[in-house]
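Here's the letter readout for the chains.
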Amino acid sequence: MVFSMKSVLEFRARKGMAPISMVSAHTHWEARFLADSPVDCVLVGDSAATVLDGDATTLSATPEIMARHTAAVARGLGEPLQRKLLVADFPFLAARRGQAAAIKTAALLLRAGAQAVKIEGIDGHADIITHLVQSGVPVMGHLGLTPQSVHTMGGYRVQGRDTATAADLLRQARALEAAGAFGVVLECVPAALAREITEAVGIPTIGIGAGADCDGQVLVMADLLGLTTGHRPKFVREFAAAGEAARAGLAAFHAATAERSFPTAKESY
Ligand code: KIV
């Protein structure tokens, strides 16, 4: 098993050093591959709602659903305190129901095996982020295209294209650092803005559709392996052709069943 980065302290220390690789995964089998890979750290994203369940948005993810995926991924990554840094998403509205509810969600996710949580946005819940951090829950921010705000943004669109919205994203990134976040995901923002934010804050930035100058990059595992069907955003690079392998495997199974060449005697009891 390969161990890359086990704590938020190691994560923070990588700022300005080697780029951080992060993969968003939802299942135990994905985690087994990640445990044996050199990928630095893992996110249990609420993209589980879209990638696994086929929902159009991530709004259907709940704290309980996220805790279940987090536990499955944590088991796949190996022994507690020895496995890679595991961050779990705070789902839709979980940071907006007051401190007690936020603490409850954080407890669910950390007891399921996460070492940290990721929270979209900051305006209106900076105090919750600070309260979680002061309660021993490391928090990663998420700015730019924040999918839980899809209805406010009018769809999945690049954010921070004009001077005013770019300045506002820079302000939010600084506010996140001040609130105690240990890192921030920048999703779908112009590369020049991501570079400016990366230079302006002392915490690592992790880009997804945010250019090459962030302190690290994150992709969803199903996307980067080529397992996703349908629309593929511009920022997704398929680093493997697992989808093609899956199609070939299914066709071969069907053919072998049809011609009765499977199972053989060796595969039977
Ligand atoms: O839900 C998710 O997988 C994410 C990443 C794409 C950053 O938030």
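The structure we're discussing is the one just above.
Now for a look at the structure at hand. Everything quoted here is computed from the prediction, not taken from an experiment.

## A word on the nonpolar core
- Of all hydrophobic cores here, the largest spans 71 residues; its most connected members are Phe11, Phe90, Leu132 and Leu186.
- Leave out the neighbours within four places in its chain, and Phe90 touches Asp46, Ala95, Ala102, Thr105, Ala106, Leu109, Val117, Lys118, Ile119, Leu132 and Gln148.

## Brief notes about helix 9 (residues 191-200)
- Listed in full, the buried residues belonging to helix 9 are Leu193, Ala194, Ile197 and Thr198. The buried side chains of helix 9 occupy one side of the element, clustering within an arc of 140 degrees when seen end-on.
- Here the buried face of helix 9 lies against helix 8 (163-179), strand 6 (183-187) and strand 7 (205-208).

## So, helix 2 (residues 28-35)
- Listed in full, the buried residues belonging to helix 2 are Glu30, Ala31, Leu34 and Ala35. For helix 2, the arc enclosing every buried residue in end-on projection is 140 degrees, short of the 170-degree limit, so these residues lie on one face.
- Those residues of helix 2 that are buried lie in contact with strand 1 (20-24), strand 2 (41-44), helix 4 (63-77) and helix 10 (221-224).

## Looking at the layout of surface pockets
- In this structure, the second largest pocket encloses a volume near 520 Å³.
- If you go around the second largest pocket, you meet 26 residues; those closest to its centre are Glu120, Gly121, Ile122, Thr146 and Ser149.
- Of all the elements in the fold, those that place two or more residues in the lining of the second largest pocket are strand 4 (116-120), strand 5 (139-144), helix 7 (150-153) and helix 8.
- Sorting elements by how many residues they give to the lining of the second largest pocket places helix 8 first, with four residues.
- Looking at the lining of the second largest pocket residue by residue, the class counts come to 11 nonpolar, 11 polar and four charged.

## Brief notes about the packing of aromatic side chains
- Applying the stated criterion across every chain, the model contains three aromatic pairs.
- Seen in terms of ring centroids, Phe11 and Phe182 are 5.2 Å apart; in terms of plane orientation they differ by 80 degrees. Their pairing is edge-to-face. Linking Phe11 in helix 1 (residues 8-13) with Phe182 in the loop between helix 8 and strand 6, this pair joins segments that are 171 residues apart in sequence.
- Since its relative accessible area comes to 0%, Phe11 is described here as buried.
- With relative accessibility at 4%, the residue Phe182 sits in the buried group.
- When the ring of Trp29 is compared with that of Phe33, the centres are 6.1 Å apart and the planes differ by 85 degrees; the resulting orientation is edge-to-face. Here Phe33 and Trp29 lie together in helix 2, a separation of four residues that amounts to about one turn.
- A relative accessible area of 45% means that Trp29 is categorised as partly exposed.

## Some remarks on unusual backbone geometry
- Of note, the amide linkage connecting Phe262 to Pro263 takes the cis form, showing an omega dihedral of -5 degrees.
- Within the secondary structure layout, Pro263 lies in the segment after helix 11 (242-258).
- We note that Cys188 has phi near 50 degrees; this positive angle belongs to a residue other than glycine.
- Mapping Cys188 onto the fold places it in the loop between strand 6 and helix 9.
- Given the relative accessible area of 9%, Cys188 is considered buried.

The rules behind these values
- Residues numbered from 1 in each chain as written.
- Predicted model: local features only at pLDDT ≥ 70, side-chain atom pairs only at ≥ 80, totals over all residues.
- Heavy atoms only, no water.
- Core = buried A, V, L, I, M, F, W, Y, C linked by side-chain atoms within 4.5 Å.
- Buried < 20%, exposed > 50% of the residue type's maximum accessible area, 1.4 Å probe, protein only.
- Contact = heavy atoms within 4.5 Å.
- Helix = DSSP H or I, 4+ residues; strand = E, 2+ residues; numbered from the N terminus.
- Arc of directions from axis to C-beta.
- 1 Å grid on protein atoms, 1.4 Å probe; cavity = no way out; pocket = protein on both sides within 12 Å on 5 of 7 lines; lining within 4 Å.
- Points joined across faces, edges and corners; volume = space filled by probe spheres on them.
- Nonpolar A, V, L, I, M, F, W, Y, C, P; charged D, E, K, R; others polar.
- Phe/Tyr/Trp six-rings, centres within 6.5 Å; stacked < 30°, edge-to-face > 60°.

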